[in-house]
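Given next are the chains, with one letter for each unit.
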Amino acid sequence: MNLRQFFFGLLFLMSIAGIAQNSTKEVLFTINEKPYYTDEFSRIYKKNLDLVKDDTQKDLNQYLDLFVGYKLKVNKAYKLGLQNNAPYQNELKSYRTQLAKTYFNDTKITQELLEEGYNRLQKEIKTSHILVLADENATPEDTLKAYNKINDIRKKALAGEDFAALAVQYSEDPSAKDNKGDLGYFSAFRMVYPFENAAYNTPKGEVSKIIRTRFGYHILKIYDVRANRGEITVAHIMILNPKPEETDKDKAKNTINDIYSKISQGEKFEDLAKQFSEDKSSSSKGGLLNKFGSGQLSSEEFENTAFSLANVGDISKPFQSQFGWHIVKLIEKHPIKTMEEMKPELETKIGKDDRSKKSQLH
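Keep in mind that this is a model prediction, so the values were computed, not measured. (Residues numbered from 1 in each chain as written. Predicted model: local features only at pLDDT ≥ 70, side-chain atom pairs only at ≥ 80, totals over all residues. Heavy atoms only, no water.)

A. Summary view of the overall build of the protein. If you tally the helices and strands in the protein, you get 13 helices and 10 strands. With 362 residues in all, the protein has 37% of them scored as buried. At a minimum sequence separation of 6, the contacts of the protein that also span at least 24 residues come to 64%. When the accessible area of the protein is evaluated, it comes to approximately 22000 Å², of which 51% is carbon and sulfur surface. (Helix = DSSP H or I, 4+ residues; strand = E, 2+ residues; numbered from the N terminus. Buried < 20%, exposed > 50% of the residue type's maximum accessible area, 1.4 Å probe, protein only. Contact = heavy atoms within 4.5 Å. Areas by Shrake-Rupley, 256 points an atom, 1.4 Å probe, with all protein chains shown as cover.)

B. Looking closely at the nonpolar core. Counting residues in hydrophobic clusters, the biggest one holds 13 residues, and the most contacted among them are I130, I150, I153, F163 and I219. Contributions of two or more residues to this core are made by β3 (123–133), α5 (140–158), α6 (163–170) and β6 (216–227). Here this core gets four residues from one element, more than from any other, and that element is α5. If we ignore the near neighbours within four places in the chain, the residues touching I130 are I150, I153, F163, L166, A167, S171, Y217, H218 and I219. Counting 12 residues, the second largest nonpolar core, distinct from the first, contains A235, I239, F269 and I327. (Core = buried A, V, L, I, M, F, W, Y, C linked by side-chain atoms within 4.5 Å.)

C. Layout of helix α8 (residues 193–201). Taken across its nine residues, α8 has seven buried, putting it largely inside the fold. By the burial criterion, the buried members of α8 are Y193, F195, E196, N197, A198, A199 and Y200.

D. Inspection of unusual backbone geometry at higher detail. A positive phi angle, near 55°, is found at K180, a position not held by glycine. Located in the positive-phi region is F189, a residue other than glycine, with phi close to 70°. Position of F189 among the secondary structure elements: in the loop between β4 (182–186) and α8.

E. Quick look at the pattern of salt bridges. Taken as a whole, this structure holds 13 salt bridges when the rule is applied. Of the charged contacts in the structure, one is a salt bridge between K204 and D224, with a shortest N-O distance of 3.4 Å. Of this pair, K204 sits in the loop between α8 and β5 (211–212) while D224 sits in strand β6, and the two are 20 residues apart along the sequence. A salt bridge links D353 to R355, with the shortest nitrogen-to-oxygen separation between them at 2.8 Å. For the pair D353 and R355, a shared accessibility class is recorded, and that class is buried. Connected through salt bridges with shared partners, the residues E116, R120, E196, D353 and R355 form a single ionic network. (Salt bridge = Lys/Arg side-chain N within 4 Å of Asp/Glu carboxyl O.)

Laid out in structure tokens, this is it:
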């Protein structure tokens, strides 16, 4: 094991075991006649206990093995005189300086990212895009070819050609042939960070600059910006659209209208959902769906109808989406929380997101 491996291994074990001071207590074990005490182990175990959600990881014997292993490594390090080794001291000093610098930078940058993410969450942006594929490991020649192609498309868009038509003709996003590049409304943390930046930094009605993501080169057009509607919980009853071979094209419409009449006459929505809804994933739960926000479902018609319901318990009239006929009942609205309430959630999202790499540039 080289010095670097030992150092990082020691840091890892220290993060698990912690550093403690001992008074004369009950001796738990000794290493080379040096005693280690039960109160230190007990305090460390109890401290980490609340952080562990998996009960299988709370095994006392496993913690004791970690604790003993850590003490053995520290003891061996001192026995080898590593604490007095000049290269070790220099490397340790370098790591301390590096870690301290990173910590302060991360704190500042993380706060900026928290504020940026929260501020962006207040808005939803309706966007279309055109993609030209370019693998991250593509050759310089292929990369240049992809860039030149997206640049030519952007010139056409800036000259006034219809963006949707350009998406159908040129975009290499497989869905563009059907949706004409339309991504609907979305908010922060829904797209990769460079894409999100372009969306939030391009004025309404304009075409973005060329951006590069891990998928390739993109240009965006911003169609609308509105206040974030938050999230919503609804239940629904769905009757699937008729299949092409079915002769009675009005069957689904007539069925949903019959169900709506039953609701109007006082029959319970949840009971009717269990009996008639053809959405098998929700019918057994009375039609209840998981909460969602704008752009999280595949149907803009469904989202808009659901968000148009004003009061808990309100029920929509029958309406059709690309999937079928629906009736929606409002269960609960979930407005945007305060920044303080969202801070843990935002920190988690930032940690998993490309934006966390910003701290590595400082």
